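Commentary on secondary and tertiary structure
Okay, here's what each chain looks like letter by letter:
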Amino acid sequence: MTKKKKLIRLNEINERSWVEINLSNFSHNLKELKKHMQNKQFFMQIVKADAYGHGALQIANQAIKEGATILGVANVEEASLLRFHNIEHPILILSPSFDFEIEAIISNKLTPSIANLHFAKLLNEHAKEMGIIQSVHIKYDTGMNRNGIRIENALDFYQTIEMLENIKIEGIFSHFSSSEDDKDFTQKQYLLFAEFASKVAQKVRYIHIANSSAIIDNQFELCNLNRIGLLSYGVYSSAQLKNKIDLKPVMTFKSKIAHISTAHKNESVGYNRTHFVDKDSHFAIIPIGYADGYDYLLSDKGLVEINGSVCPVLGKISMDMIAIDINQVDNVKVDDEVILLGGNTTSTKVENLSALFNGSSYELLTQIGKRAKRYYIEDGKINDYAPILRRDFIPRDFSDDKLNLIIHQAIQERINKQELASVIYHDVLRYFFIENDRDVSYRSDFTYNIKFIDNHINYYKVELNLSFDKILQNTYFIVACANNQANLESYFRRKDTEYRWLLDESIELDESKFSVSSAKVNGVFLDCFVAHNNKAIEVKCESDKLESFLNKLAHFEIKISTYYPKNKHQLSVYLSEIYKGVSIQFTYPESISNIDCVPIFSGRHRYPKITQNKGSITVASEKNDWIFPNSGVVFSY
Ligand SMILES: *Cc1c(COP(=O)(O)O)cnc(C)c1O
């Protein structure tokens, strides 16, 4: 299901700080990178660490549009989040996985990288149990000295894994340590890998070693897949690349001037008095700090862009604020936009900012904007935005309380009218699922026959026959009858009650006027006891034999005898649960003619079929139609 979000224009963004992700630039970068891939080479889009801080979901979707064959993540959690958002593309987990993650790997259809025999065997056992063949990529270490099987043991390990019956080696790979700055070592790593890879090349689908920087200027003949990260985000990994490929920055981190002030000559600005002004100076306060990912090491070094001018950071970066020298800019005022990172000025490019403190572009990107909402821009327009906290939720992480809050807020966001949203939440969701602590159950194949027999002056004798399937929750159930709505009400909230009848007020509430003739579950006759109180007749139907059917789908059959006044001329049937397939038949004596019925069905299928025969009328949905609570039929005669 696609979310319907409010349309926001670029000039309508009202945030303290925000991140713009330019998906058109991302697509442009991928197109440029593809020019450097040899024929028939596929690419894996690396979306680990929330796509280097750009948002894994939106980047994954865009990369898939641009032809990515596989997605690369660091761990099971990141992959599960993509699956939660309905991404069905193959996903490779690049970091080592733990034993406890195997179930999630299998249930989410993920591909782990393998470099550990114990793990591989355990994975094989689980796969065998589940009756599946689990794909893996084997990771080899060719000189980076991080994870992976050392290359001199490569073939042995390969052959051992090959023997595991429920494991399929879909790929083999290695990783460069210095593709951006050491061509010789890169080549050496490739040759080591290629020597082994050539021995198994016929058997595996994917052979890969190159990250994004490696594919510029190098050919890895034996490989057919490239793992594309940093460069696709429009960040150059070295100055030499600038005239070899045209990349456009994808992320721009922005904020606004929150305050403007003046420091007098020889005063210091900010914490620890690291910066003194040598003349009276204007400075602007931007409401972001290292807690927003603007690195502390940019203290006294950082540069931002205001109204097209580059302005230096004054003094220490605070947790939530930075001070900016604005003496060089004319007409600065509170609310003016500030570009902190990215954008088109050279100074604020990620690679240049991180160079100011000898940092890493990768790190700076991944730490930016913990408090900033992301806006996704394509063709100059915002087409999506994502919540402030980087981690979207996976519901199993959450308590009921938290989920309720989210559901309530989500409904309110969707439905413009606050009042209507509250009704939906309180009267529908809370009523059925929360306050009553109901098990979410439903009845299927619900058949209900109501037969009126004309053998009394003032009343019809009524025979009610119900049958349905439902998960059996208890070894008993209640059938209740009251002669006013208020007294019957409490039985609507009791989850052990399977049937309720409203006896007309003119009829005395008495066992002779309402009785359960028989009750069966899966063919077992139940004992029925009448518990009386002055408000209702409560019949308890039970049997120890039901023990063995508990928590399984069971077939219920209930027969009831009661009475209905002749002077009423109308009978209402309420459906108070969720049903899958409903058939309601009303059988009447010859003394009744001209019968009519009005079904009120809620749910997707609102028009049941009405069939009229001699002496009976039937209202029935299709067998698989869902009918929601608060449905019913009114028969009039
Ligand atoms: C992160 C990562 C990449 C991507 O590297 P870039 O330099 O960002 O292109 C490729 N392969 C592996 C194993 C990685 O962990």
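A brief structural summary. Small disclaimer: the values here were computed from a predicted structure and weren't measured.

**Details of the overall build of the chain**
The number of helices and strands found in the chain is 13 helices and 36 strands. In terms of C-alpha radius of gyration, the chain reaches 35 Å, well past the compact-globule figure of 26 Å for 637 residues. Here the C-alpha coordinates of the chain stretch approximately 105 × 70 × 40 Å along the principal axes. Split into buried and exposed, the 637 residues of the chain put 49% on the buried side. Of the accessible surface of the chain, which amounts to about 32,100 Å², a share of 49% is contributed by carbon and sulfur atoms. Distance from the positive charge centre (74 side chains) to the negative charge centre (79 side chains) of the chain: 3 Å.

**Section: the pattern of salt bridges**
Once the charged atoms of two side chains with opposite charge are near each other, the side chains can pair. Taken as a whole and judged by the stated rule, the model has 26 salt bridges. The partner of glutamate 557 in a salt bridge is lysine 520, and the shortest N-O contact between them spans 3.9 Å. Highlighted residues: glutamate 557 in strand β30 (residues 553-565) and lysine 520 in strand β26 (residues 514-521), separated in sequence by 37 residues. Residues joined in a network through salt bridges with shared partners are Arg443, Lys470, Glu498, Arg500 and Glu577.

**Considerations on the sheet that holds strand β15 (residues 281-286)**
Backbone-to-backbone hydrogen bonds pair the strands of a sheet. The strands run either parallel or antiparallel. Reading across the sheet, the 10 strands line up as β12-β15-β18-β17-β16-β19-β11-β1-β20-β21 and stay open at both edges, with mixed pairing between neighbours. With partners counted over all chains shown, the strands left at the sheet margins are β12 (259-263) and β21 (381-386), one partner each. Strand-to-strand, the axes of this sheet are offset by a mean angle of 35 degrees, without reference to chain direction. The strands that helix α3 (residues 56-65) touches are β1 (17-22), β20 (373-378) and β21; relative to β20, the one it contacts most, it runs at about 20 degrees.

**Some remarks on the sheet that holds strand β24 (residues 476-482)**
Strands sit in the order β25-β24-β29-β28 across an open sheet of 4 strands; the sheet is mixed. Two strands in the sheet have a free side with no partner beyond their single neighbour: β25 (497-502) and β28 (527-532). Across the sheet, the mean angle from the axis of one strand to that of its neighbour is 20 degrees, orientation sign disregarded. In this fold helix α13 (residues 485-493) packs onto β24, β25 and β29 (536-542), with an angle of close to 170 degrees to the strand it touches most, β25.

**Considering unusual backbone geometry**
A positive phi is found at alanine 51, a non-glycine position, where the angle reads about 55 degrees. Mapped onto the secondary structure, alanine 51 falls in helix α2 (residues 48-53). Backbone geometry at histidine 569 places phi at a positive 65 degrees, although glycine is not the residue there. Secondary-structure assignment places histidine 569 in the loop between β30 and β31 (570-575).

**What about the pairing of strand β2 (residues 42-46)?**
Counting buried positions over the 5 residues of β2 gives 4, a clear majority of the element. Sheet topology places β2 next to strand β3 (residues 70-73); 3 bridges connect them, and they run parallel. Within β3, the residue paired with methionine 44 across the bridge is isoleucine 70.

Rules used throughout
Residues numbered from 1 in each chain as written. Predicted model: local features only at pLDDT ≥ 70, side-chain atom pairs only at ≥ 80, totals over all residues. Heavy atoms only, no water. Helix = DSSP H or I, 4+ residues; strand = E, 2+ residues; numbered from the N terminus. Rg over C-alpha atoms; globule rule 2.2 N^0.38 Å. Buried < 20%, exposed > 50% of the residue type's maximum accessible area, 1.4 Å probe, protein only. Areas by Shrake-Rupley, 256 points an atom, 1.4 Å probe, with all protein chains shown as cover. Lys, Arg positive; Asp, Glu negative; His and termini not counted. Charge placed at Lys NZ, Arg CZ, Asp CG, Glu CD. Salt bridge = Lys/Arg side-chain N within 4 Å of Asp/Glu carboxyl O. Pairing = 2+ DSSP bridges. Axes fitted to C-alpha atoms, helices over the stretch in contact; angles between N-to-C directions. Contact = heavy atoms within 4.5 Å.

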